[in-house]
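Single-letter residue listing:
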Amino acid sequence: MNTHIPALTVSDVSKVFDVSAPWLNRLIERRPKLFVKAVSEVSFTIEKGTCFSIVGESGCGKSTVARLVTGLYTTTSGDISFGTGRTGRPIRVQMIFQDPHSSLNPRWRVGDIIAEPIREMKLRDDVKQTDARVRELLETVGLGADDALRYPHEFSGGQRQRISIARALASEPELLVCDEPTSALDVSVQAQILNLMRHLQDELGLTYLFISHNLSVVRHMSDYIAVMYLGRIVEQAPVEHLFTAPRHPYSKLLLATIPDIENPRRRIDAQAGEPPSPLNPPSGCAFHPRCPIAMDKCRKAIPELLATEGQARVACHAVTDP
Amino acid sequence: MMVLPIPDGNTQNTATSALDVHGLTVEFPTRRGVLTAIDDVSMQIAPGEILGVVGESGAGKSITGLAVLGLLEHPGRIAGGAIHVGGRRVDTLSEAELTKVRGREMGAIFQDPLTALNPLFSVGKQLVETIRLHSDMNRAAANARALELLRNVGIPAPEERLRQYPHQFSGGMRQRVVIALALAAGPRLIIADEPTTALDVSIQAQITALLRKLCDETGVGIMLVTHDMGVIAETADRVCVMYSGRVVESGPVADVIHNPQHPYTRGLMSAIPSLHDRVETLAQIDGSMPRLNARPSGCAFHPRCPHAGPRCSAETPPLVKVDTTSAACWLQQGGTQ
Ligand SMILES: Nc1ncnc2c1ncn2[C@@H]1O[C@H](COP(=O)(O)OP(=O)(O)OP(=O)(O)O)[C@@H](O)[C@H]1O
Ligand SMILES: Nc1ncnc2c1ncn2[C@@H]1O[C@H](COP(=O)(O)OP(=O)(O)OP(=O)(O)O)[C@@H](O)[C@H]1O
Ligand code: SF4
Ligand code: SF4
Ligand SMILES: [Mg+2]
Ligand SMILES: [Mg+2]
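Residues numbered from 1 in each chain as written. Chains lettered and ligands numbered in written order. Predicted model: local features only at pLDDT ≥ 70, side-chain atom pairs only at ≥ 80, totals over all residues. Heavy atoms only, no water.

Going by what an unreviewed UniProt entry lists, chain B is known as Peptide/nickel transport system ATP-binding protein and is assigned to Sedimentitalea nanhaiensis. Turning to chain B, the UniProt annotation filed under Sequence similarities (unreviewed entry) states: "Belongs to the ABC transporter superfamily." UniProt lists a comment for chain B under the heading Subcellular location (unreviewed entry), and it reads "Cell inner membrane". (UniProt positions renumbered as here; feature names shortened; annotations may be inferred.)

Under an unreviewed UniProt entry, the name given to chain A is Peptide/nickel transport system ATP-binding protein, and the organism recorded is Sedimentitalea nanhaiensis. Taken directly from UniProt, the Sequence similarities (unreviewed entry) text for chain A runs: "Belongs to the ABC transporter superfamily." A UniProt comment under Subcellular location (unreviewed entry) is attached to chain A, and it reads "Cell inner membrane".

Next up, the structure:
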C-alpha cells in the first residue's frame with residue numbers, strides 16, 4: 001500500500017441547494033427562499049490504495065459528497081483536488097451507483113455499454129483493440145466474453161452490478177466512488193461483489209470512496225471511516241478504532257442500532273429519536289435534540305472537528321472540551 | 001376443521017394458525033411456456049409469531065406474500081395448494097370476498113411507505129375510513145381508535161398528526177403510519193415485505209422493535225421478508241429460507257443461523273460480513289440462481305453445491321425434519337449417491 005500519498009483531498013467543502021418554490025409562487029404566497037445545507041465544511045483526505053467510507057442516516061449528505069467528488073455537482077464553497085495518477089496526470093474518477101437496473105441503458109448491448117467510455121475518451125486506437133478491451137473487462141469482473149452481445153435485462157441484479165463495474169473500469173479510473181453498490185443485492189451476491197472490489201483494489205491499486213448504510217459491509221471494506229450527521233462529519237477514525245472505541249454520541253447510537261446476528265436480543269432503545277429536518281437544522285450541535293448527554297453549550301455552539309487519540313477526530317463538546 | 005401435516009413434522013390445526021400455506025404453486029404463463037415461480041411451498045405462522053423469509057433475489061419471497069394477499073398480478077396465478085388465514089381458506093374466494101378479508105384479516109406493509117398512503121388525504125381520514133370500512137364503529141369511535149393506533153405505533157402528538165398529510169411525515173414516521181393502517185382492522189396476519197429497507201439503521205431498529213411489540217401484544221402473526229439476516233435474527237421466531245421457488249430450510253431462527261443444515265443456507269450465512277472480526281475474503285457461493293425457464297433438474301441448487309452427487313440432479317429432495325429444523329437436501333436423507 002502506498003501510504004501518505006493522497007489520491008483525493010477535500011478541503012472545507014460545502015454544498016447548498018436552493019429548494020425554494022418557484023419565484024411567482026413565492027411572491028403570491030409570501031414565502032421566503034428556502035435552502036438546504038446538504039454538506040457543511042467537510043474535509044478529508046484519501047490515501048492512494050485505501051478505502052475511505054462515509055456512513056450516516058438517510059439525508060445526511062453522503063451521496064452529495066460522492067456527487068461533488070465526481071463533479072456531478074459543483075461545490076458552493078471549498079476545494080476538491082486529486083493526486084497525480086500513474087501517467088502523471090490527475091487521477092481519474094468514476095462512480096458506481098446503487099441501482100444497477102436504472103443505470104444501464106436497456107436498449108444497448110452490454111458490449112456497447114462498456115465500450116462507450118473507451119470510444120468517447122479514445123483510449124484505444126481501433127475497433128479491434130476496443131473489442132479486445134471490452135472482452136478483457138468482462139473477464140475481469142467475472143463475466144464471459146460472449147456476454148458482450150446480450151442485453152442488460154438478461155442478467156440478474158448481481159451480474160448487472162458487475163456490468164456497471166466493468167463500465168466504470170473502462171475509462172481506467174484510479175479512484176472509484178461507490179454509492180451503496182450492494183444495497184439492492186442479497187447477501188450472497190453482495191459477497192461476490194465485495195470480493196471482486198477487494199480483488200480489483202489489490203490488482204489495479206484502486207482507491208475507493210465507499211458509501212453505505214450497512215455498517216458490517218463498511219467494516220469489511222474500509223481502512224478509514226467518516227460518520228456524517230446532517231451535512232457534517234462528526235467523527236472520523238481508522239476503521240478498527242471507530243468500531244471498538246466510538247467517541248461521538250451519534251456514532252455510539254449508530255453502532256448500537258446495527259442488527260447483529262451474533263448478538264440478537266440486545267436491548268434497543270426504541271426511542272432514539274428522529275433525524276431532524278435539514279431545512280431547519282437545530283442550533284449548535286445538530287445532534288443535541290437526540291443526544292443523551294447534551295449540555296447548555298451544545299445548543300449554542302457548533303462543536304469543531306478536533307483531533308483526539310489514535311488518528312481520530314471528533315466534533316463533540318463533551319469529548320473535546322468537557 | 002382440516003388438520004394438515006406440516007413439513008416441520010408437527011401437525012397443527014389450520015384454525016389456530018395465523019397463516020397456513022400448504023403446497024402452494026404459482027405459475028406465470030408466458031408466450032414461451034409456463035414459468036413456475038413458486039413450487040410446492042408450505043409454511044405456517046402461529047398467532048403472535050414472526051416468520052422471517054430470506055433467500056436469493058428472485059427466489060419467490062414476494063410472490064409468496066402476494067399470493068397470500070390475493071394480489072398476484074396478471075398473468076400470475078395460483079396453480080395448486082391451499083392458503084388458510086386464521087382458519088379460513090382464502091385462495092378460493094371471489095374477488096369481492098377477498099377484498100373484504102384482505103382489509104379485515106390481513107394487512108400489508110411494503111418497502112416504500114409512500115405507495116401505501118394516499119397523498120391527497122390526511123393520515124387521520126385514511127385511518128378512520130379504513131377502520132369504518134371493516135367495523136360498524138361510528139365516526140367518533142373510529143376517531144378514537146385511530147388516535148389509539150397512532151399512539152401504539154409510537155407517533156408523538158397523535159392529535160395533531162391525524163390532521164397532517166403523508167408528505168409532512170419523515171420516512172420512518174410514514175412507515176409507522178402504514179403499520180397503523182395495516183393494524184386498523186385488527187388483522188390476524190401481516191405480510192411485511194422489506195418494511196425497513198428504505199429506512200435508516202437507527203429508524204430500522206425502532207420499526208422492527210415495534211413489529212415485535214405489536215406481535216406480542218395483539219397476537220397478530222407476521223411474515224417478514226428481508227435480505228437482512230441481522231433484522232431476522234433480532235425480530236423473527238422462525239425463519240424460512242427459499243431458493244428458486246422452493247423452501248429449502250425452515251426452523252427456529254437461532255438454529256438456522258448457528259447450525260444451518262442446507263448447503264445453500266450455510267453459504268448464505270457465511271457470506272455475511274461479520275461485525276466482530278474482519279476477513280480478507282468473504283465466503284461466497286459461486287454462480288448465480290437459475291432462471292425460471294432453465295431450472296436444473298432434481299435439487300435446483302446442484303450446479304452450485306459443493307456436496308452435489310448423482311442423486312441431486314436426478315431427484316428433488318423433499319423438506320424433512322432434521323433435529324429442530326427442516327431441510328430439503330439429500331445429505332440428511334441417506335446421501336447424495
Ligand atoms: N439535487 C438536490 N436538490 C435539492 N436538495 C437536494 C438535492 N440532492 C440532495 N438534496 C438534499 O440534500 C440532503 C442530503 O442528501 P443526500 O442525497 O446527499 O443524502 P444521503 O446521505 O445520500 O441519503 P441516503 O442515505 O438516503 O441516500 C437531503 O436533505 C436532500 O434532500
Ligand atoms: N409478472 C411476472 N412474469 C414472469 N415472471 C415473474 C413475474 N413476476 C415475478 N416473476 C418471477 O418470479 C420469481 C420470484 O419473484 P419474487 O419477486 O417473488 O422474488 P423475491 O424473492 O421477492 O426477490 P427480491 O429479493 O429480489 O425481491 C422471479 O424469478 C421473477 O422473475
Ligand atoms: S456536542 Fe453536545 S449535543 Fe452534540 S454530541 Fe456532543 S454532547 Fe451531544
Ligand atoms: S440435495 Fe444435493 S445438490 Fe441439493 S443441496 Fe443437498 S447436497 Fe447439494
Ligand atoms: Mg444517498
Ligand atoms: Mg421481493
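Participant: Any chance you could explain a nonpolar patch on the surface here in plain terms?
Facilitator: Residue and element names in this part refer to chain A. Taken together, Trp23, Leu24, Leu27 and Ile28 make up a surface patch of nonpolar side chains, about 490 Å² in accessible area. The residue Trp23 is located in helix H1 (residues 23-29) in this model. Here Trp23 falls in the exposed class, since its relative accessible area comes to 58%. (Patch = residues over 30% accessible without salt bridge, like charges linked within 9 Å, V, L, I, M, F, W, Y side chains within 5 Å. Areas by Shrake-Rupley, 256 points an atom, 1.4 Å probe, with all protein chains shown as cover. Salt bridge = Lys/Arg side-chain N within 4 Å of Asp/Glu carboxyl O. Helix = DSSP H or I, 4+ residues; strand = E, 2+ residues; numbered from the N terminus. Buried < 20%, exposed > 50% of the residue type's maximum accessible area, 1.4 Å probe, protein only.)

Participant: In this structure, what is going on with the interface of chain B and chain A? I would like to understand it.
Facilitator: By a frequent convention, interface size equals the accessible area lost on bringing the separate parts together. With 46 residues of chain B in contact, the opposing surface of chain A contributes 45 residues. By the criterion of area lost to chain A, the three top residues of chain B are Glu234(B), Leu275(B) and Arg278(B), representing 20% of everything that side buries. Between Glu280(B) and Arg198(A) there is a salt bridge; the shortest N-O distance is 3.4 Å. Here chain B and chain A share six residue pairs in polar contact (both at pLDDT 80 or more) between them. For the side of chain B that touches chain A, the secondary-structure elements that each account for two or more residues are helix H8 (201-218), helix H9 (229-235), helix H10 (253-258) and helix H11 (263-270) of chain B. No other element matches H8(B), which puts eight residues into the side of chain B that touches chain A. Looking at the side of chain B that touches chain A residue by residue, the classes come out as 20 nonpolar, 16 polar and ten charged. (Contact = heavy atoms within 4.5 Å. Buried area = accessible area lost by both parts, 1.4 Å probe. Polar contact = N/O pair within 3.5 Å; in protein donor to acceptor, adjacent residues only side chain to side chain. Nonpolar A, V, L, I, M, F, W, Y, C, P; charged D, E, K, R; others polar.)

Participant: I keep staring at H8(B) and nothing clicks. Help me out?
Facilitator: Side chains three or four residues apart in an α-helix point the same way, a direct result of the helix having 3.6 residues per turn. Residues and elements named next belong to chain B. Under the 1.5 Å per step criterion, the end-to-end length of H8 is 26 Å for 18 residues, consistent within 8% with the ideal 26 Å. In terms of burial, H8 is largely enclosed, as 13 of its 18 residues are buried. Phi for Gly219, located one or two positions after H8, is positive at around 75 degrees. (Expected span 1.5 Å × (residues − 1).)

Participant: Is there a simple way to think about the site of ligand 2 in this case?
Facilitator: Residue and element names in this part refer to chain B. Neighbouring residues of ligand 2: Phe28, Ala37, Glu56, Ser57, Gly58, Ala59, Gly60, Lys61, Ser62, Ile63, His227 and Leu292. Gly60 is positioned with one of its backbone polar atoms (N or O) 2.9 Å from an oxygen atom of ligand 2. In the model, an oxygen atom of ligand 2 is placed 2.8 Å from a nitrogen or oxygen of the Lys61 side chain. When residues in the shell around ligand 2 are grouped by element, the largest group, three residues, is from helix H1 (residues 61-69). Residue composition of the shell around ligand 2, grouped by class: five nonpolar, five polar and two charged. (Near = heavy atom within 4 Å.)

Participant: What is the right way to read the layout of surface pockets from this model?
Facilitator: Sizing a probe to match a water molecule and rolling it over the atoms shows the empty space that remains. If you add up the space inside the second largest pocket, you get close to 1100 Å³. Along the wall of the second largest pocket there are 34 residues; nearest its centre are His153(A), Phe155(A), Ser156(A), Arg291(B) and Leu292(B). Mapped by element, the contributors of at least two residues to the lining of the second largest pocket are helix H5 (157-170) of chain A together with strand S3 (19-30) and strand S4 (33-45) of chain B. Residue classes in the lining of the second largest pocket are distributed as 13 nonpolar, 13 polar and eight charged. (1 Å grid on protein atoms, 1.4 Å probe; cavity = no way out; pocket = protein on both sides within 12 Å on 5 of 7 lines; lining within 4 Å. Points joined across faces, edges and corners; volume = space filled by probe spheres on them.)

Participant: Any chance you could explain the nonpolar core here in plain terms?
Facilitator: Grouped burial of nonpolar side chains is what soluble globular proteins tend to show. Membership of the largest hydrophobic core comes to 94 residues, with the highest contact counts inside it found for Leu19(B), Val68(B), Leu127(B), Ile179(B) and Ile222(B). Look past the residues within four positions of Val68(B) in its chain and what remains in contact with it is Leu19(B), Val21(B), Ile83(B), Val85(B), Val90(B), Met106(B), Leu189(B) and Ile191(B). (Core = buried A, V, L, I, M, F, W, Y, C linked by side-chain atoms within 4.5 Å.)

Participant: Can you walk me through the pattern of salt bridges in this structure?
Facilitator: Once the charged atoms of two side chains with opposite charge are near each other, the side chains can pair. On inspection of all chains with the given rule, the structure shows 29 salt bridges over all chains. Taking the shortest distance from any N to any O, the salt bridge between Lys300(A) and Asp296(A) comes out at 3.9 Å. Pair noted here: Lys300(A) and Asp296(A) are both in helix H10 (residues 296-300), with a separation of four residues, about one helical turn. Of the two residues, Lys300(A) and Asp296(A), both sit in the exposed class. Of the charged contacts in the structure, one is a salt bridge between Asp237(B) and Arg212(B), with a shortest N-O distance of 3.3 Å. Linking Asp237(B) in the loop between H9 and strand S11 (238-243) with Arg212(B) in helix H8, this pair joins segments that are 25 residues apart in sequence. Residues joined by salt bridges that share partners form a network here, namely Arg124(A), Arg133(A), Glu136(A) and Glu172(A).

Participant: Help me understand the site of ligand 4, please; the structure alone is not making it clear to me.
Facilitator: The immediate surroundings of ligand 4 are formed by 14 residues, with Cys299(B), Cys305(B), Cys312(B), Cys329(B) and Trp330(B) found nearest. Class assignment for the residues of the shell around ligand 4 results in ten nonpolar, four polar and no charged.

Participant: I would appreciate a short explanation of the sheet that holds strand S6 (residues 77-85) of chain B in the present structure.
Facilitator: Across a sheet, strands are paired by hydrogen bonds formed along the backbone, either parallel or antiparallel in direction. Residues and elements named next belong to chain B. Taken together, four strands build an open sheet; the order of strands is S4-S3-S6-S7 and the sheet is antiparallel. Two strands lie at the open edges of the sheet, namely S4 and strand S7 (88-89), each paired on one side alone. As paired strands, S3 and S4 are joined by nine bridges and run antiparallel to one another. Bridge pairing in S4 places Asp20 opposite Gln44. In the packing of H1 onto the sheet, the strands contacted are S3, S4 and S6, and the crossing angle to S3 comes to about 105 degrees. (Pairing = 2+ DSSP bridges. Axes fitted to C-alpha atoms, helices over the stretch in contact; angles between N-to-C directions.)

Participant: I keep staring at the sheet that holds strand S10 (residues 306-307) of chain A and nothing clicks. Help me out?
Facilitator: Strands sit in the order S5-S6-S7-S3-S8-S9-S11-S10 (chain A) across an open sheet of eight strands; the sheet is mixed. Here the strands that pair on one side only, and so sit at the sheet edges, are strand S5 (93-96) and S10 of chain A.

Participant: Can you walk me through the pairing of S3(B) in this structure?
Facilitator: In the case of a regular strand, side chains alternate between the two sheet surfaces. All names here are of chain B. In textbook terms, the turn of a hairpin is the stretch between consecutive antiparallel strands, and for S3 and S4 this stretch comprises two residues. The pairing of S3 with S6 spans seven bridges and is antiparallel. By the bridge assignment, Val21 is partnered in S6 with Ile83.

Participant: I tried to follow the confidence of the model for chain B on my own but got confused; where do I start?
Facilitator: When pLDDT is low, close inspection of the predicted coordinates is not appropriate. Residue and element names in this part refer to chain B. In the predicted model, chain B carries a mean pLDDT of 87, and the fraction of residues at 70 or more is 95%. Note that pLDDT drops below 50 for residues 1-12; the model gives that stretch 32 contacts with residues more than four away or on any other chain. Across the interfaces of the predicted complex, the ipTM metric reaches 0.75, alongside a pTM of 0.83. (pLDDT = per-residue confidence, 0-100.)

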